Structure formats: C-alpha cells, structure tokens
Amino acid sequence: MTDEILTAATYCPKGGIAKTTSTAHMGVAAHQDHDLDVLLIDLAGTQNDLANQFGLEDAVDDPDVPVSIVFSDKWELLRDSADDLVDRMVYETDEGVDLIPADSGLAAEDNNLANVPREDRYDRLETFISEEIAPEYDLVLFDLPGKEDNITINGLHAAENVVAPLKPGAFELAQLKNLESELEAIAGDDDHDAAPQLALVFATMVDQTTNLSSEFVAELEADYPETAGEPVAESANISAGQSDGRTLFAFADDELYNTGARARKAYRQLTDDLLARLA
C-alpha cells in the first residue's frame, strides 16, 4: 500500500467520448502493471456502463448498499449503526480491480445536495474516500457524469486530478476549454479549498486513416504539451469486449486486431503517465 491514496476522475462535460472505457482500462492497467489495489467508482448514472464493462450488470442491479447513500444526511448514522458497509458496496471484477457501481438514487441525492449549504455540499465524497477507502486501496478512479452537477463537483473535489478523454472534433476541443474554465472556477470558490486540475488529456476513437483524427491529435499535443497523452485507436475489439464484459487486457494477444493491440498499448502508456503525475 502507498502512504497516501492516489485519486483521479475521468471527466469532460460531454458524453460518448469513452470516459467509462478509459476508466476501466486505466484501472486494470494500474493493477496489472503497477500492482496497485484499485477501486473504480461509477457516478455517471443508472446505465451502469462501468459494471457492464466487467460483465457485472446483473450482479449490481440492486446493490445492498448504494453509493448514493454517501451523499445523503443518513450516511454517518448508517455507518455508525451497521457493519461492513463498504464491503457491501464493493464488487470484485475478474480483472483484479474492484468496483462500486452507480445506482438509481444518485439523481435524487444530486437534487438534495442543492439544499445543503455550499460550504458543506461538496466534501462528502472526499470524506468518504479519506475515511473509508484510503486504508484499503492505493488508487481510486471516478467515472463522472458528462455534465456539471453536485455529484460531479463532489467527484472533482475528491479527485483533484482530471483525466479528459476526447473524441476527435472541433466541438470537443471547445469543451476542453470549457472544462479548464470550470476547474478554475471551482478552484477559485472561497467556500472550499479544492483545486482540481487537468492531469491528462488524450484522443480516443482515433482513426489514423483520416485527416480529422491526425489533425486533432497534433492540435491536442501542440495546445497541451504538458498533459497530452497517447491517442487511443478506434477498434472493434473495444466494442466486442464491452459486449463480452471484459477489457482489452482480458484478450489473448492473438484475439486482438492491430487496432486493438495499439489501443491496449496506449492505455498502458496513459496509465504510466497518469501515475507518474499523481505520485
């Protein structure tokens, strides 16, 4: 175990950019290549795409202890009156990482947080991580919603390091600028002392045969020389793995197309880069 837990959140205010795919693959790479105890926390919604990535969609359909309770006023009372709450939240995957799935109560808790004073609204997840998760894990990765809401801001507070995957396109570059502004606004809020920052940005679903993808990758590297990482190739292996409930790391080498092998290698490098920046 490390002396201090490492945390990062996969986030950009847009859907369909491989946030969940990236969270899963980087978590598995951190476990396999760096021997870290890794926990993935899905806060992105009720579809439970992160659980689906690991073939756990049926197992998490009705969680015994939902993660949404962490954001409620009932959490401290429940924690003090019941045993093994965190163990009952966590699901093991077949690829070495553990998972806390999303649940249907997150939307309601997001609404409820709007009634909490701002100075007490955004530190609930951070407190949960420091008190309950840090003694058991080396690394926590949050998969956040593709929009700024109270749950998202809790995740940004708890993580403070943002991983931003981007699908090639001019709109996505504009969203990245918006993300930077959003992080600056959070850091400048006097109601808390959080200072989330962009730790890693990279292109996903990259088709190297198109000018759009190559120009996007070049522009990303030019505009973000300190944080730009390896582009991840678009590959049928990724979608096939999602259907099968496994990441590219669960594929045998001879199962992978060239694009799948490149994507797996990219996620390994991205994970190396992220951990170096978090250390």
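The rules behind these values
Residues numbered from 1 in each chain as written. Predicted model: local features only at pLDDT ≥ 70, side-chain atom pairs only at ≥ 80, totals over all residues. Heavy atoms only, no water. Axes fitted to C-alpha atoms, helices over the stretch in contact; angles between N-to-C directions. Helix = DSSP H or I, 4+ residues; strand = E, 2+ residues; numbered from the N terminus. Parallel < 35°, antiparallel > 145°, perpendicular 65-115°, else oblique. Contact = heavy atoms within 4.5 Å. Nonpolar A, V, L, I, M, F, W, Y, C, P; charged D, E, K, R; others polar. Core = buried A, V, L, I, M, F, W, Y, C linked by side-chain atoms within 4.5 Å. Buried < 20%, exposed > 50% of the residue type's maximum accessible area, 1.4 Å probe, protein only. Patch = residues over 30% accessible without salt bridge, like charges linked within 9 Å, V, L, I, M, F, W, Y side chains within 5 Å. Areas by Shrake-Rupley, 256 points an atom, 1.4 Å probe, with all protein chains shown as cover. Salt bridge = Lys/Arg side-chain N within 4 Å of Asp/Glu carboxyl O. Lys, Arg positive; Asp, Glu negative; His and termini not counted. Charge placed at Lys NZ, Arg CZ, Asp CG, Glu CD. Pairing = 2+ DSSP bridges. Polar contact = N/O pair within 3.5 Å; in protein donor to acceptor, adjacent residues only side chain to side chain.

Things to note about the packing of helix α8 (residues 150–159) against helix α9 (residues 170–187)
Alright, step 1. Here α8 crosses α9 at 75 degrees, and the two axes come no closer than 12 Å. Put simply, α8 runs roughly perpendicular to α9. For the pair α8 and α9, the contacting residues are I153, L156 and H157 in the first and E182, L183 and I186 in the second.
Alright, step 2. For the contact of α8 with α9, the per-class residue count stands at four nonpolar, one polar and one charged.

Quick notes on the nonpolar core
Alright, step 1. Counting 54 residues, the largest nonpolar core has L43, F128 and F142 as its most contacted members.
Alright, step 2. Every residue in contact with L43, bar those within four places of it in the chain, is listed here: V67, F71, L106, L125, F142, D143, L144, P145 and I151.

As for a negative patch on the surface
Alright, step 1. Taken together, the side chains of D35, D37, D83, D84, D87 and E136 define an acidic patch exposed on the protein surface.
Alright, step 2. Its location among the elements puts E136 in the loop between α7 (124–133) and β5 (139–143).

Regarding the sheet that holds strand β1 (residues 6–10)
Strand-to-strand pairing in sheets goes through backbone hydrogen bonds, with the strands running parallel or antiparallel.
Alright, step 1. Taken together, seven strands build an open sheet; the order of strands is β3-β4-β2-β5-β1-β6-β7 and the sheet is mixed. Each of the sheet's edge strands pairs with one partner strand only, and the pair in question is β3 (91–92) and β7 (197–203).
Alright, step 2. Where strand β2 (residues 38–42) meets β5, five bridges bridge the pair, whose relative direction is parallel. Its bridge partner being in β5, I41 is matched across the sheet by F142.

So, α8
Alright, step 1. Burial runs high along α8: 10 of the 10 residues are buried.
Alright, step 2. Along α8, the positions that sit buried rather than exposed are N150, I151, T152, I153, N154, G155, L156, H157, A158 and A159.
Alright, step 3. For α8, the N-terminal cap is D149; the gap from its side-chain oxygen to the backbone nitrogen of I151 is 3.2 Å.
Alright, step 4. Looking at the residues trailing α8, positive phi occurs at E160, about 65 degrees.

Some words on the side chain of S235
Alright, step 1. Summarising the element assignment, S235 is placed in the loop between α10 (211–223) and α11 (236–244).
Alright, step 2. Judged by relative accessible area, which is 10%, S235 ranks as buried.
Alright, step 3. A polar contact of 2.9 Å, which involves the side chain of S235, links it to the side chain of T259.
Alright, step 4. At a separation of 3.2 Å, a polar atom in the side chain of S235 contacts the main-chain amide nitrogen of G260.

Observations concerning the environment of I186
Alright, step 1. Turning to its location among the elements, I186 is positioned in helix α9.
Alright, step 2. When its relative accessible area of 6% is taken as the criterion, I186 is described as buried.
Alright, step 3. Residues within four places of I186 in sequence aside, it is in contact with I153, L156, H157, H192, A194 and P196.

Some words on the pattern of salt bridges
Alright, step 1. Scanning all chains against the criterion turns up 11 salt bridges.
Alright, step 2. Two residues, D143 and K19, come together in a salt bridge whose shortest N-O distance is 3.8 Å. Note that D143 is positioned in strand β5 and K19 in helix α1 (residues 19–34), a separation of 124 residues in sequence. In this structure, D143 and K19 share a single accessibility class: buried.
Alright, step 3. Two residues, R118 and D189, come together in a salt bridge whose shortest N-O distance is 2.3 Å. Note that R118 is positioned in helix α6 (residues 118–121) and D189 in the loop between α9 and β7, a separation of 71 residues in sequence.
Alright, step 4. A relative accessible area of 16% places D189 in the buried class.
Alright, step 5. Several salt bridges share partner residues, and in doing so they unite R79, D80, E131 and E132 into one network.

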